[in-house]
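Inside the fold
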Amino acid sequence: MKKTRIGIFGIGHNHAAAAIDTLCKTEGAEIAGLYEPSDETYARRVKENPGVYDDIPRFSLDELFAAGIEAAMVESSVPDLVATATICAGRGLHVHMDKPAGTDLDAYKKFLDIAKDKKLVFQTGYMYRYNAGIRYVLNKAQRGELGRIYNIAATMSTKHPEWFKRQLSGYGVKCPSTFIFGGHLIDLVMKLKGNPEELTAFNAVSGDGGIELTDTSVIVMSYPDGIATVKTSSVEVNGWGMREFTVYGEKGTVSVSPIECPMIVREAAAGEGNPWKDCHRTIDIPEEGRYDVMMREFIDMIQGAIPYDVDFEHEYNLQKYTLKACGYDVD
């Protein structure tokens, strides 16, 4: 089978090890090596993730570009993602870039324009796009089986340890919980409802652990025929188990909660059961690894096994509304 030769650019991202480990096991992928400019980051990540990087040579930037690669996996620390991806796209490399896409919309648009002009495959690391339960909901809605979509409720929370909250604080961004979590959910809402007419965010600082961090947010996205609520938080015990994506349509409701590990999908159709009683049924859908489908589709699109399908406008608008939800002026 043809192999797509890929370079890893940075390993500072918190999702780097799991995503790279998945890529190593993905049919059709061949990792040429990695570039990590920080010795401290390299040593720390190698120690934290035994075995993941053992067989991946560490190169200088020039050495990695000279290694015959045709794609880049950008897993640098969050503040460096867009700049690194822009360099890679300028070299004509297909790009998988983890998220979020920074606070500089102009810089992100510059990258997107380069990738679009060169017709490069661009994939962002929003892994819920590839979740089997989420795809079941999106496909059902997009086929019209739920009728008009009135309301959407989405939640992505957890109980972050102190070191993680201090890392979030170190990014120097407004509303870190929305910056890190919110894009995942705004992405899914916009795939079904498009750009909101209005977006309003309500943010709070819990003071949990004595850390002054904007760690909880409720975002209301308004549409002509309904609303979507997006909630993010870094201070909720068992937040993982309460993560949710629920779509309410005129013909039925479908919900994924928890979203993963375990993924549980429930649905109910209009006219079934009593309106004052729970009438849902659970749908049995096999759950794959968090990054399995994402990495497989990145390789397949590069190789032409699936159609080239990159919505650059959506990617831009997703980051625009994520930043708006964080409190940035993007209008």
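Just so you know, these numbers come straight off a predicted model, no measurement behind them.

A tally of regular secondary structure across the chain gives 10 helices and 13 strands. The C-alpha radius of gyration of the chain comes to 20 Å, within 12% of the 20 Å expected for a compact globule of 331 residues. Projected onto the principal axes, the alpha-carbon positions of the chain cover approximately 65 × 50 × 40 Å. Of the contacts made within the chain by residues no fewer than 6 positions apart, 70% connect residues no fewer than 24 positions apart. About 14700 Å² of surface is accessible on the chain, with carbon and sulfur atoms providing 49% of the total.

Turning our attention to the pairing of strand S11 (residues 252-256). The element S11 is largely enclosed, with a buried count of 4 among its 5 residues. Summarising the sheet, strand S10 (residues 244-249) and S11 pair through 5 bridges and their orientation is antiparallel. Bridge pairing in S11 places Tyr248 opposite Thr253. Connecting S10 to the antiparallel partner S11 that follows it, the hairpin turn spans 2 residues. Summarising the sheet, S11 and strand S12 (residues 265-269) pair through 5 bridges and their orientation is antiparallel. Directly across from Thr253, in S12, lies its bridge partner Ala268.

Taken in spatial order, the 8 strands line up as S7-S8-S9-S6-S10-S11-S12-S13 in an open sheet, and their pairing is mixed. A single partner strand is all that each edge strand has here, and the edge strands are strand S7 (198-205) and strand S13 (281-283). On average, each strand axis in the sheet is inclined to that of its neighbour by 15 degrees, with strand direction left out of account. Across 8 bridges, S7 lies against strand S8 (residues 214-223) in antiparallel orientation. Pairing of Ala201 across the sheet is with Ile219, part of S8. The strands touched by helix H8 (residues 176-193) are strand S6 (149-157), S8, strand S9 (226-233) and S10; relative to S8, the strand with the most contacts, the crossing angle is about 20 degrees.

What follows deals with helix H1 (residues 16-24). Turning to H1, its buried residues are Ala16, Ala17, Ala19, Ile20, Thr22 and Leu23. Close packing links the buried residues of H1 with strand S1 (4-9), strand S2 (29-35), strand S3 (71-74) and helix H9 (292-303).

Taken as a whole, this structure holds 25 salt bridges when the rule is applied. For Arg58, the salt bridge is made with Asp39, and the minimal N-O distance between the two is 2.9 Å. Of this pair, Arg58 sits in the loop between helix H2 (39-48) and helix H3 (61-65) while Asp39 sits in helix H2, and the two are 19 residues apart along the sequence. The class of Arg58 is partly exposed, set by a relative accessible area of 33%. Accessibility expressed as a relative area gives 56% for Asp39, which makes it exposed. With a closest N to O distance of 3.9 Å, Glu48 and Arg44 form a salt bridge. Here Glu48 and its partner Arg44 are both found in helix H2, 4 residues apart, which amounts to about one turn of the helix. Connected via shared salt-bridge partners are Lys140, Arg143, Glu145, Glu267, Glu272 and Arg281.

Let's shift gears to helix H7 (residues 162-170). Of all the residues in H7, the buried ones are Phe164, Lys165 and Leu168. The buried residues of H7 all sit within an arc of 100 degrees when viewed along its axis, so they share a single face. When the buried face of H7 is taken as reference, the exposed residues oriented beyond 90 degrees from it are Trp163 and Gly170.

Strand order in this open sheet of 5 strands is S2-S1-S3-S4-S5, and the pairing throughout is parallel. In this open sheet, the two strands that pair with only one neighbour each are S2 and strand S5 (122-124). Within this sheet the neighbouring strands show an average axis-to-axis angle of 20 degrees, counted without direction. Bridge count between S1 and S3: 4 bridges; the pairing is parallel. Bridge pairing links Phe9 to Val74 in S3. Against the sheet, H1 contacts S1, S2 and S3, and its axis sits at roughly 140 degrees relative to S2.

Here we come to the packing of H8 against helix H10 (residues 312-326). The relative placement of two packed helices is expressed as an angle between their axes plus a distance between the axes. For the pair H8 and H10, the least separation of the axes is 9 Å and the interaxial angle reads 130 degrees. Here H8 is positioned oblique relative to H10, judged by the angle of their axes. The hand of the H8/H10 crossing is right-handed. Across from Thr178, Phe179, Gly183, Ile186, Asp187, Met190 and Lys191 in H8, the residues of H10 making contact are His314, Asn317, Leu318, Gln319, Tyr321, Thr322, Leu323, Ala325 and Cys326. Within the contact of H8 with H10, the residues separate by chemical class into 8 nonpolar, 6 polar and 2 charged.

Criteria and cut-off values
Residues numbered from 1 in each chain as written. Predicted model: local features only at pLDDT ≥ 70, side-chain atom pairs only at ≥ 80, totals over all residues. Heavy atoms only, no water. Helix = DSSP H or I, 4+ residues; strand = E, 2+ residues; numbered from the N terminus. Rg over C-alpha atoms; globule rule 2.2 N^0.38 Å. Contact = heavy atoms within 4.5 Å. Areas by Shrake-Rupley, 256 points an atom, 1.4 Å probe, with all protein chains shown as cover. Buried < 20%, exposed > 50% of the residue type's maximum accessible area, 1.4 Å probe, protein only. Pairing = 2+ DSSP bridges. Axes fitted to C-alpha atoms, helices over the stretch in contact; angles between N-to-C directions. Salt bridge = Lys/Arg side-chain N within 4 Å of Asp/Glu carboxyl O. Arc of directions from axis to C-beta. Parallel < 35°, antiparallel > 145°, perpendicular 65-115°, else oblique. Left-handed = near helix turned anticlockwise from the far one by under 90°. Nonpolar A, V, L, I, M, F, W, Y, C, P; charged D, E, K, R; others polar.

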